[in-house]
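# Coordinate inspection notes
Listed below are the residues making up each chain.
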Amino acid sequence: MRLSRYFLPTLKETPAEAEVVSHRLMLRAGMIRQASSGIYSWLPLGLKVLQNIEEIVRREQLRSGAQEILMPTIQSADLWIESGRYEDYGAEMLRITDRRGREMLYGPTNEELITDIIRSDIKSYRDLPKNLFHIQWKFRDEIRPRFGVMRGREFLMKDNYSFDLDEAAARHSYNRMFVAYLRTFQAMGLRAFPMRADSGPIGGDMSHEFLVLAETGESKVFFHKDMDALAIPGDDVDYDGDLQPIVDQWTSLYAASDEQHDAANCPVAAEDLNSGRGIEVGHIFFFGTKYSKPMGAVVQGPGGDEILVQMGSYGIGVSRLVAAVIEASHDENGIIWPESVAPFRVGLMNLRIDDAGCTAAADDLYGKLQAAGVDVLYDDRDERAGAKFSRMDLIGLPWQIAVGPRGLKDGIVEVKNRATGERIDLSPEDALARFATAK
């Protein structure tokens, strides 16, 4: 993509309302613009990152055996009244009435709707287990939206729901998601720590939240130092096999947020206890028959008797992850994107538009990178070199290639790694080969 044609409204100054690093950089990098309090438009650069993160989440969900559906944003209040949650949920729920006077709501979550789908179509134990996920926009009317997309009112979320015949099978479904979440966050360049958590309005008797460490995290976290060395399950993980040893390995070590940490009774010696600040990026729940019982989600068992299905739900804040990656990966100059989520892999700069040889070389390299399938943003605008370098650092693309007349005299271009700052000189041919062949 040529920058001269790309909509990238970067800002030199930080807007006054931006309190945290991710909000400041997302505004300055032209990724988002506020539409109203806690609600944002996603501009091309931000949307590409959002879609890359969404695809990583989707890929691991499908790998774990979950199946994708799409449920609506607007739900009938009748289902929530039936489950008993309509009045309990509170003012965060946006309640509306349609033209026929029916009570509706903008879904903050989907336990009721998915339970209604299952009870309508799953009648026999032979049809279980099932695990269904979707990636959809949610709305929660936060009393104080802040920190940009970190705590907005409208947000993109992956939520999925497991349905099993008995508790043992349901806990295996829970373990699947536990492992899938570890792998999902690692694929984005993040290391997430699972911590036992309260179930809140979702309900249930087992719950873990996954937090990413960042200096500007929302809450303080405490964890055993050995958690840093635990291995994330690899591509050879068997989601149909026994996952309990993996879960036990991660949950046997102490980890707690400041809400649950009791310094006076902490079982870990001070020298073995690490602390930091964390951002919640995922939450998983096992709640048994909390929804299936009041809503009558039953199947016929092997003996002909009716059995209430066992349920769990699992959420990942997809739009929040964009901010979390930035909070965990930035410097004083801007964002540092991991390659897996970067909006473009390479930022190519023509440092002298008015130099015919420089422009010809940059145009040629741009065309060849595109032909090789490299996602590249080409700064072909007539600006000073310093402004181009600053913009590339701000938007954080993993690699930068600078094409200038001085280097071309020696047959070289400069390649910079954004994360390390390392610069190397390569011929245009070698630069092309480096990115065309790398996976």
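Quick caveat, the model's predicted, so the values are computed rather than measured.

Reading the values: the criteria
Residues numbered from 1 in each chain as written. Predicted model: local features only at pLDDT ≥ 70, side-chain atom pairs only at ≥ 80, totals over all residues. Heavy atoms only, no water. Salt bridge = Lys/Arg side-chain N within 4 Å of Asp/Glu carboxyl O. Buried < 20%, exposed > 50% of the residue type's maximum accessible area, 1.4 Å probe, protein only. Pairing = 2+ DSSP bridges. Helix = DSSP H or I, 4+ residues; strand = E, 2+ residues; numbered from the N terminus. Axes fitted to C-alpha atoms, helices over the stretch in contact; angles between N-to-C directions. Arc of directions from axis to C-beta. Contact = heavy atoms within 4.5 Å.

### Observations regarding the pattern of salt bridges
Throughout the structure, instances matching the rule amount to 33 salt bridges. Between Glu 383 and Arg 391 there is a salt bridge; the shortest N-O distance is 2.8 Å. Given a relative accessible area of 29%, Glu 383 falls into the partly exposed group. Judged by its relative accessible area of 10%, Arg 391 falls in the buried class. Each of Asp 379, Arg 381, Glu 383, Lys 388 and Arg 391 takes part in one network of salt bridges that share partners.

### Overview of the sheet that holds strand E6 (residues 103-106)
Sheet architecture is open: 3 strands sit in the order E4-E6-E5, paired in antiparallel fashion. Two strands close off the open sheet at either side, each with one partner strand: strand E4 (74-76) and strand E5 (94-97). Within this sheet the neighbouring strands show an average axis-to-axis angle of 35°, counted without direction. As paired strands, E4 and E6 are joined by 3 bridges and run antiparallel to one another. Each bridged residue has a counterpart across the sheet, and for Ser 76 the counterpart in E6 is Met 104.

### Things to note about helix H6 (residues 244-251)
Among all positions in H6, only Ile 246, Val 247 and Trp 250 are buried. Here the buried residues of H6 occupy an arc of 95° about the axis, which is enough to place them on one side. Those residues of H6 that are buried are in contact with helix H5 (167-187) and strand E9 (192-196).

### Details of the environment of Val 325
Mapped onto the elements, Val 325 comes out in helix H8 (residues 318-328). Judged by relative accessible area, Val 325 falls into the buried class, the value being 1%. Remark: the alpha-carbon pair of Val 325 and Ile 401, spanning 76 residues in sequence, is separated by 23 Å. Among residues more than four places away in sequence, those in contact with Val 325 are Ile 53, Met 188, Leu 190, Trp 337, Pro 338 and Val 341.

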